[in-house]
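Chain by chain, the residues run as shown.
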Amino acid sequence: MVRALALLLAQLVTAPIVSETIETAEHRPIDLATFECRDISRSTVLQRVCYDRAQQALVVAVDGAYDRYCGVPVDAVERLLGAPSMGQFFNQNIKREVSGGRYACPAREPIQRS
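Attention in this report is confined to the structure presented alongside it. All of these numbers come straight from a predicted model, not from anything done at the bench.

**Observations regarding unusual backbone geometry**
Right, on to step 1. With a phi close to 65°, His27 is a non-glycine residue in the positive phi region.
Right, on to step 2. Counting through the fold element by element, His27 comes out in the loop between strand 1 (21–23) and strand 2 (29–31).

Pasting the structure below:
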């Protein structure tokens, strides 16, 4: 048992670190290497919340689709994560349709697909 555990730990230490890339509903790839992500089990609306403090970028998974929000302050994310109803807080304070685009990300050039 101890030998098996030691082998498993050795494999984890030597395993390559692979960053995760997701695609938003707008078909924009986002590398989550700089994001802190949390899988959410206590919400029926949100499945995952990822936040990059340096960029103030928030990525949320709602109904299996990812959306990105920009300029989201740390305290808004902390309030989201601590809210009794995360879905209600998200829908009332962050979601684009409700916040009037306050957290909309700047438009980027269209992705060229070959």
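From this point on, the discussion continues.
**A look at the state of the cysteines**
Right, on to step 1. Summed over the entire model, instances satisfying the criterion amount to 2 disulfides.
Right, on to step 2. The partner cysteine of Cys37 in its disulfide is Cys50, sulfur to sulfur 2.2 Å. Here the S-S torsion is close to 115°, and the disulfide linking Cys37 with Cys50 is therefore right-handed. Here Cys37, found in strand 3 (residues 36–39), pairs with Cys50, found in strand 4 (residues 46–52); they are 13 residues apart in sequence, far enough to count as distant.
Right, on to step 3. The exposure class assigned to Cys37 is partly exposed, which follows from its relative accessible area of 28%.
Right, on to step 4. Classification of Cys50 as buried rests on a relative accessible area of 0%.
Right, on to step 5. Here Cys70 engages in a disulfide with Cys105; their sulfurs sit 2.0 Å apart. Disulfide Cys70-Cys105: torsion about the S-S bond near 100°, hence right-handed. Of this pair, Cys70 sits in strand 6 (residues 65–70) while Cys105 sits in the segment after helix 4 (96–99); the two residues are 35 residues apart in sequence, bridging distant segments of the chain.

The rules behind each value
Each chain carries its own residue numbering, running from 1 in the direction its sequence is written. In keeping with the model being predicted, local features are shown solely for residues with a pLDDT of at least 70 and side-chain atom pairs are shown and tallied solely at 80 or more, while totals for entire chains, interfaces and linings include all residues. As a rule here, side-chain values cover all heavy atoms of the structure and leave hydrogens and water aside. Each helix corresponds to a stretch of at least 4 residues labelled H or I by DSSP, and each strand to a stretch of at least 2 residues labelled E; elements are numbered beginning at the N terminus. Cysteine sulfur atoms are paired as a disulfide whenever they fall within 2.5 Å. Burial status follows relative accessibility: with a 1.4 Å probe on protein chains alone, a residue under 20% of its type maximum counts as buried, one over 50% as exposed, and anything between as partly exposed.

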